[in-house]
Amino acid sequence: TWDNRYYASSRYYGGPGHPIFMVVGGEGSLEKMLYPFVNEHLAFHFGAAVVQIEHRFYGPYQPLPNATVEELTELLTPQQAMADMVRLTKHFKDELGCGGYDRTSPEYCPVVSVGGGYPGFLSAMFRLAHGDFVDVAYASSAPLKLYDQSAPQEVYYDTVTRAAERLSPGCADAVRSALVEAEEAIMASPSVESAVRAMNMCVDSIPEYIHDLDTLRQDVMMAVAFSFADFDMGAYPPSEELGMHRACRVFQDAAGGHYTSVQRVADFFTLVGEDEEFEKKYPQFVGEEGTPCFDLSIFLPDGPNARIATSDWSGSGGGNDGKMWEFQLCTTLVEPIGISEESMFPYRTWTYDDLTEYCQLRYGEGIVPQPLALVRDLGFDDLVKSNASRIIFTNGKQDMWSGASYVEDVSDTILALNFENGAYHSDLSHVGPSDTDTEDIREGFAEITDILGRWLGEIKLEAHG
């Protein structure tokens, strides 16, 4: 046995017969209850209880101390995470006095799973794989098509490019031309050390594997790309105060003829280091704010042979959480994310061979990514054929994950809602609903509530019909 952290609220719980919202944890420590739209608004509206679970192997509570590669391969999987969700929800049902698992009982408490991003994928899979236990799924920014390997690999960074251009017209060309010049300047430097100093990076903490200018060039450009994508995740509601808008201005604003592209890259990383959300993804950065140079090694996850371009080209995050996440992407949760020539970032093709080489460098030759294992086991490449139902997919059109999600209705009971102004699960933000929400998100809150109400009503009717 092991301690699995979770948070629970029965503040609005109306008693047996009312729903339970299971909020799914993901690739990071769960420090508090997430999503006020669920905890306050949906819970109040439906008289629901809410339970939120931390994903196994993330955060301070570990199923095994110092787990081996073999143990992680067996235990760090979406299927095992869902088994934890089943156990916790059963415990919570018993604690709340729900009428067992008989849907015909008036005391039956329907279960609604909720998540955004990878947890959005898990939320949908929870309904698909445990349909006898989970009644409804709400999946925001859920990249099912990425995990079934059908999404184009370029869609992620192409969407970041379009979102940046929409927020600050001219951004894409400014970033593209500056990065081309910066690459040329790096390659023309007399040494790695001189190139690092020119970008105001800390010479003493450059990762040991960066021995040559070409490796430095590739990894700096990768860090620029996934850091820009991180800004895009938080690019809601649209505003000039957003990190992504300020990132665009680093490359767009005129600053005299002596302001080089390399200096713009340096200023971009300064901006990254000042962002509050950055510290959550890269905990090693905490306490480094006063450092006069940028520490590139912050991007490395824990463990030997780590690289900046990990198994996750959207950025794995640092520390132990980053290590656990990139391990998942080295096994069955494979994410084909490349960078196209249409993107504002330097072209770079993603391949399964490169992924395998990196994963074996990190975890040994016994690790071979299995990109189709999940979809073969869970059948999420054809939701209708797999008899899925009562799943809501929500997407912000400015969110790079939307290109790998369902943006059209799949059936009468597998629905997609899209928000033109939305970014990464903006409907499941850590703030809203609020007065700053755009009209499309406000309408989305109402539509999501109506759909959930209709489906929960149908479940009661089916039970007593």
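Refer to the preceding data block for the structure.
First things first, this report covers the structure right here in the doc.

Reading the values: rules and limits
- Here the residue numbering is sequential within each chain, running from 1 through the sequence in written order.
- Whole-chain, interface and lining totals are the exception, using all residues; otherwise, since this is a predicted model, local features are given only for residues with pLDDT of at least 70 and side-chain atom pairs are given and counted only at 80 or more.
- Based on all heavy atoms of the structure, the side-chain values leave hydrogens and waters out of the count.
- As used in this record, nonpolar core signifies buried Ala, Val, Leu, Ile, Met, Phe, Trp, Tyr and Cys residues forming a set joined through side-chain atoms within 4.5 Å.
- Type-normalised accessible area, obtained with a 1.4 Å probe on protein chains alone, sets the label of each residue: buried when under 20%, exposed when over 50%, and partly exposed for intermediate values.
- Labels follow the DSSP assignment, with helices taken as runs of H or I lasting at least four residues and strands as runs of E lasting at least two, numbered in each case from the N terminus.
- The contact criterion used is simple: two residues touch if any of their non-hydrogen atoms lie within 4.5 Å.
- Only a pair of cysteine sulfur atoms within 2.5 Å qualifies as a disulfide here.
- Salt bridges, as used here, are contacts in which a Lys or Arg side-chain nitrogen is within 4 Å of a carboxyl oxygen on Asp or Glu.
- DSSP calls a pair of strands paired once it identifies at least 2 bridges connecting them.
- Each axis is a line fitted through C-alpha atoms, taken for helices only over the stretch in contact, and angles between the N-to-C directions span 0 to 180 degrees.
- Expected helix span is taken as 1.5 Å per residue step, with the number of steps being one fewer than the number of residues.

## Some details on the nonpolar core
- Core analysis: the biggest nonpolar cluster contains 124 residues, and Phe228, Phe345 and Phe380 have the highest contact counts within it.
- For this core, the element with the most residues is helix α9 (residues 213-233), which contributes 12 residues.
- Sequence-distant contacts of Phe345, defined by excluding residues within four places in its chain, comprise Tyr157, Val160, Thr161, Val175, Leu179, Val224, Ala225, Phe228, Ile339 and Ser340.
- Phe21, Leu30, Leu42 and Trp455 belong to the second-largest nonpolar core, a separate cluster that totals 32 residues.

## Observations concerning the state of the cysteines
- Counted according to the given criterion, the structure contains 4 disulfides.
- Between the sulfur of Cys98 and that of Cys109 lies a disulfide, 2.0 Å long from S to S. Here the disulfide of Cys98 and Cys109 is left-handed, its torsion about the S-S bond being about -90 degrees. A residue pair is termed long-range when its members are at least 10 positions apart, and Cys98 in the loop between α3 (78-96) and β4 (111-116) and Cys109 in the loop between α3 and β4 qualify at 11 residues. Cys109 matches Cys98 in its accessibility class, with the two residues each being buried.
- Linked covalently through their sulfurs, Cys202 and Cys293 form a disulfide whose S-S length is 2.1 Å. Here the disulfide of Cys202 and Cys293 is right-handed, its torsion about the S-S bond being about 105 degrees.

## With respect to the pattern of salt bridges
- Here the structure, examined in full by the defined rule, presents 15 salt bridges.
- Glu458 serves as the salt-bridge partner of Arg390, at 3.3 Å between the closest nitrogen and oxygen. A residue pair is termed long-range when its members are at least 10 positions apart, and Arg390 in the loop between α15 (373-378) and β6 (391-396) and Glu458 in helix α16 (residues 439-464) qualify at 68 residues.
- Judged by relative accessible area, Arg390 falls into the buried class, the value being 11%.

## Regarding the sheet that holds strand β1 (residues 6-9)
- An order of β1-β3-β2-β4-β5-β6-β7 is seen for the 7 strands of this open sheet, with the pairing classed as mixed. Of all the strands in the sheet, just β1 and β7 (414-419) have a single pairing partner and so form its edges. With strand direction ignored, the average angle separating the axes of adjacent strands in the sheet is 15 degrees.
- For strand β5 (residues 136-140) and β6, the ladder comprises 4 bridges, and the chain directions are parallel. By the bridge assignment, Ala139 is partnered in β6 with Phe393.
- Packing against the sheet, α16 makes contact with β2 (20-24), β4, β5, β6 and β7, and its axis sits at approximately 165 degrees to β7.

## Observations concerning unusual backbone geometry
- Cis rather than trans, the peptide bond between Tyr236 and Pro237 has omega equal to -10 degrees.
- Note that Pro237 resides in the loop between α9 and α10 (243-252).
- Within the chain, Phe57 stands out as a residue other than glycine whose phi angle is a positive 75 degrees.
- With respect to the helices and strands, Phe57 occurs in the loop between β3 (49-53) and α2 (69-75).
- With a phi close to 55 degrees, Asn66 is a non-glycine residue in the positive phi region.
- If you trace the backbone, Asn66 turns up in the loop between β3 and α2.
- Taking the relative accessible area as the measure of exposure, Asn66 reaches 76% and is therefore exposed.

## Notes on helix α11 (residues 261-274)
- Between its terminal C-alpha atoms α11 stretches 20 Å, which fits the 20 Å expected from 14 residues at 1.5 Å a residue.
- Counting buried residues in α11 gives 10 out of 14 residues, a clear majority hidden from the surface.
- Among the residues of α11, those classed as buried are Ser261, Val262, Arg264, Val265, Ala266, Phe268, Phe269, Leu271, Val272 and Gly273.

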